[in-house]
Amino acid sequence: MARPRILIADDEEGIRESLNLILGDTYDLIFAHDGEQALEKLQRNQVSLAILDIKMPKMDGLQVLKRVREEGVRTPVLMLTAYQSVELAREAVTHGALDYLPKPFEREQILKAVKGIIGH
Amino acid sequence: MLHPILSGVSGCLALLYGLAVLSQSRGSMERKIFAAFCISVFVWLFGYALMESAENADMALRFARIGHAGVIFIPTLWMHFTRYVLRARRLVPLYRIYYLIDLVFLSLLFRTNVFIPGMIRHSWGYYPIGSPIMLAEVLLLAIVVVSCWGLFIVECRKARQEGSKEYSKLKYCCISLTAFSFGALDYLPKFGIQFYPIGFLSSAIFLSVVTYAILVHRLMNIRVVIRRGLVYSVLVAITASVYFAFILVAERLLQGVVGYRSLVGSVLAGFAIALGFNPLKDLVQRFIDQMFFHGSQEALAEENGRLRHELTRTERLKAVATLAAGMAHEIKNPLAAIKTFAEYMPDKFADPAYREKYSKIMGQEVEKMNALVHRLLEFARPGAPRLQRVEPAALLKETLEFLQGTLVEKQVQVDLALTSHAAVQGDPGQLKQVFLNLLLNSIDAIDPPGQLMVSTYQENGHVRVTITDTGCGIAKADLPRIFDPFFTRKTGGTGLGLSVVHSIVQEHKGRIDVDSVLGKGTTIQISLPTYGGSNGATAHSDR
């Protein structure tokens, strides 16, 4: 059985690599460096979950979320946020994101949230 | 003879104050009413001066009526004035009623003998005889004095507790109102009690203090006028007193002895006054300066200093709060990475791929935090610039060369118009950073391909550097905030670049102006004073 695929969109290499460490062994990961790439990859690929950073170049995570929802893509979305964008993250939840995770995150917190959505 | 003169001088002083305040009223009701009040006091004192020195009782009565017309309006105008100073709206119905009563009094005063039934001659001259209506007038005055005094005391205490700048003004109003209340003693001789009328004195003190409070605590430029007015009024009063004392002595003592003629006495008095006038003027000037102006000026300067300090502190606290919030945000990304990599170390240490990534990511993230700390320090304390003679045009060229790669990559064409090579007094490192930050901002704002215009010119002892881009521009609403630390609309921007630019330009006693049209582009102009001031600068002037 194929491993579930997760899209990770963050402009920070450190964050992408960290999530790779946490999730890479269990899931099939694809990465995006900015909002536009994230949107494109979400449109082209079947993914079980998208983890979107809020603050990204070209298009922020919230805009990506709104766009995919407008296009009818129902992929579950988790938002990542640092201190100042908690309000934005809340807004994201109202736009259909399942949850938001504050930075810096805990390994267990990520695993639990992802398992809760994907189911295994 | 002396009393009418003092009254008259005091009345003229009131008129002078009234006109001074009126000329500076700038539409303020408070000041207009105070001016009307002063004019009432003038009518009272001047009318009474004429009354006291009148030749017969009929003429005295006529002047008494004119003078008393001023008296009638004094309490009402004072209440009206209080309403504006203290913004006490509850006084409105009360002073309206008072104005109506005043009109009734006024018609009784001029049309009947009910108000002033007759005149009596005292040692200082003619004086009106009191009446029951005058008693009612005293009662109305007492109500005004007590209620306004109470209101002023309450507000004065409140202002003191709140540390409000209104405090000084209110304090002077309280003092002066107390002084003015003594003027009510002038009613005593009207009711048969032999009491020398001192209303002229209390009104002079009162008006000086209130006018001083109004003008000095609100408006500085009239101070000189008032100060001169005060000095000369006191001088006129003193010299007139000296003159009349001299005449009196001459009349009484010398006439019988040496066959005195008035002319001789006047000439002698004139000599005495001429000799004494200047030293006396200096003395009075010094006294008045010390009493009213000098001390207060210091107090005012101290107050201003305190307010400035408070403002600076508030601004700094606001900036620190923004810095802290921004820093927390910027630091959390590297922290998340460092934390995760550290967590996996025990399990993954044997994995060479992990170790390779670990060393790369750790180094990268630590470097990011280091750079952030540096930028923060630059913002918080750019340090006193090490000033030397530098040419902004040369610095701009160097910076643009440094950016050559980026300019090519982003297809940005640069138009250089360095018409001034004049030097400024500046720190080359810091100024280079200013230009670098501004140019990078412009390049970032440009959606390739684009244009960048960089020019220098000299004007009014300043070198002006202008950087114009054809970038996305800045929204009007954002313009006032662009120099705030951590304010950014750029994805991936830290929001520190322009605040660093701003603080460096300020350190260089320069100025920065921004003009931007959303979707069209931005122009930033920096003006820096030329090296050696406006004169020295021309030595390295435009080519």
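Residues numbered from 1 in each chain as written. Chains lettered and ligands numbered in written order. Predicted model: local features only at pLDDT ≥ 70, side-chain atom pairs only at ≥ 80, totals over all residues.

Asks: Provide a residue-level description of the overall build of chain B, including the pertinent values.
Replies: The number of helices and strands found in chain B is 15 helices and nine strands. Buried residues in chain B amount to 34% of all 543 residues. (Helix = DSSP H or I, 4+ residues; strand = E, 2+ residues; numbered from the N terminus. Buried ≥ 20, exposed ≤ 12 C-beta atoms within 10 Å, placed from the backbone.)

Asks: Give me the lowdown on the confidence of the model for chain B, citing residues and values where you can.
Replies: Residue and element names in this part refer to chain B. Residue-level pLDDT values for chain B average 77, and 72% of them are 70 or greater. Per-residue pLDDT, averaged within each element of chain B, yields its smallest value for helix α15 (residues 533-536) (47) and its largest for strand β7 (residues 462-469) (95). Within the model, pLDDT remains below 50 along residues 534-543, and this stretch shows 17 contacts once partners closer than five positions in the same chain are excluded. (pLDDT = per-residue confidence, 0-100. Contact = placed C-beta atoms within 7 Å.)

Asks: An account of the sheet that holds strand β5 (residues 99-102) of chain A is needed here, citing residue identities and associated values.
Replies: Strand pairing in a sheet relies on backbone hydrogen bonds. The paired strands run either parallel or antiparallel. All names here are of chain A. Pairing in this open sheet of five strands is parallel, and the strands run β2-β1-β3-β4-β5 from one edge to the other. Each end of this open sheet is capped by a strand with a single partner; those strands are β2 (28-32) and β5. Along the sheet, successive strands turn relative to each other by an average axial angle of 20°, direction set aside. (Pairing = 2+ DSSP bridges. Axes fitted to C-alpha atoms, helices over the stretch in contact; angles between N-to-C directions.)

Asks: Describe the environment of Phe 110 of chain B, naming the residues involved and giving the relevant values.
Replies: Tracing the backbone through its elements, the reader meets Phe 110 of chain B in helix α4 (residues 91-111). Along the chain, Phe 110 of chain B and Arg 65 of chain B lie 45 residues apart, while their C-alpha atoms are 6.6 Å from each other.

Asks: Report on the interface of chain A and chain B, specifying residues and quantitative values.
Replies: Each side of the interface is counted separately: chain A has 21 residues, and chain B has 20 residues. Among the elements that make up the side of chain A that touches chain B, the one with the highest residue count is helix α1 (residues 13-23) of chain A (seven residues). Here the residues of the side of chain A that touches chain B are counted per class, giving nine nonpolar, three polar and nine charged. (Nonpolar A, V, L, I, M, F, W, Y, C, P; charged D, E, K, R; others polar.)

Asks: So what's going on with the nonpolar core? Residues and values would help.
Replies: One finds Phe 37, Cys 38, Val 41 and Leu 45 of chain B to be the most contacted residues of the largest nonpolar core, which totals 65 residues. Residue assignment for this core shows that the elements contributing at least two residues are α1 (2-23), α2 (29-52), α3 (57-85), α4, α5 (132-162), α6 (166-181) and α7 (199-216) of chain B. Discounting chain neighbours no more than four positions away, the residues touching Cys 38 of chain B are Ala 14, Leu 15, Tyr 17, Gly 18, Val 21 and Leu 207 of chain B. Counting residues in hydrophobic clusters, the runner-up holds 40 residues, among them Ile 15, Val 68, Tyr 100 and Val 114 of chain A. (Core = buried A, V, L, I, M, F, W, Y, C linked by C-beta atoms within 7 Å.)

Asks: Lay out the pairing of strand β8 (residues 511-517) of chain B in plain terms, naming residues and giving numbers.
Replies: Residue and element names in this part refer to chain B. Pairing between β8 and strand β9 (residues 521-529): seven bridges, direction antiparallel. Its bridge partner being in β9, Asp 513 is matched across the sheet by Gln 525. Linking β8 back to β9 in an antiparallel pair, the connection comprises three residues, with Gly 519 at a positive phi of about 85°.

Asks: Provide a residue-level description of unusual backbone geometry, including the pertinent values.
Replies: Cis peptide bonds are those with omega within 30 degrees of zero, and the linkage from Lys 103 of chain A to Pro 104 of chain A qualifies with -5°. For Pro 104 of chain A, the location among the structural elements is in the loop between β5 and α5 (107-118). Looking along the chain, the bond that leaves Pro 448 of chain B and enters Pro 449 of chain B is cis, with omega of -5°. Here Pro 449 of chain B shows up in the loop between α13 (428-445) and β6 (450-459). With a phi angle near 55°, Lys 509 of chain B is a residue other than glycine that sits in the positive phi range. As for its position among the elements, Lys 509 of chain B is in the loop between α14 (497-507) and β8.

Asks: Let's hear about the environment of Leu 185 of chain B: which residues, and what values?
Replies: Residue and element names in this part refer to chain B. In this fold, Leu 185 is placed in the loop between α6 and α7. Classification of Leu 185 as partly exposed rests on a count of 15 C-beta atoms within 10 Å. Residues Leu 185 and Pro 197 lie 12 residues apart in sequence; the distance between their C-alpha atoms is 6.9 Å. When neighbours within four sequence positions are excluded, Leu 185 is seen to be in contact with Phe 195 and Ile 198.

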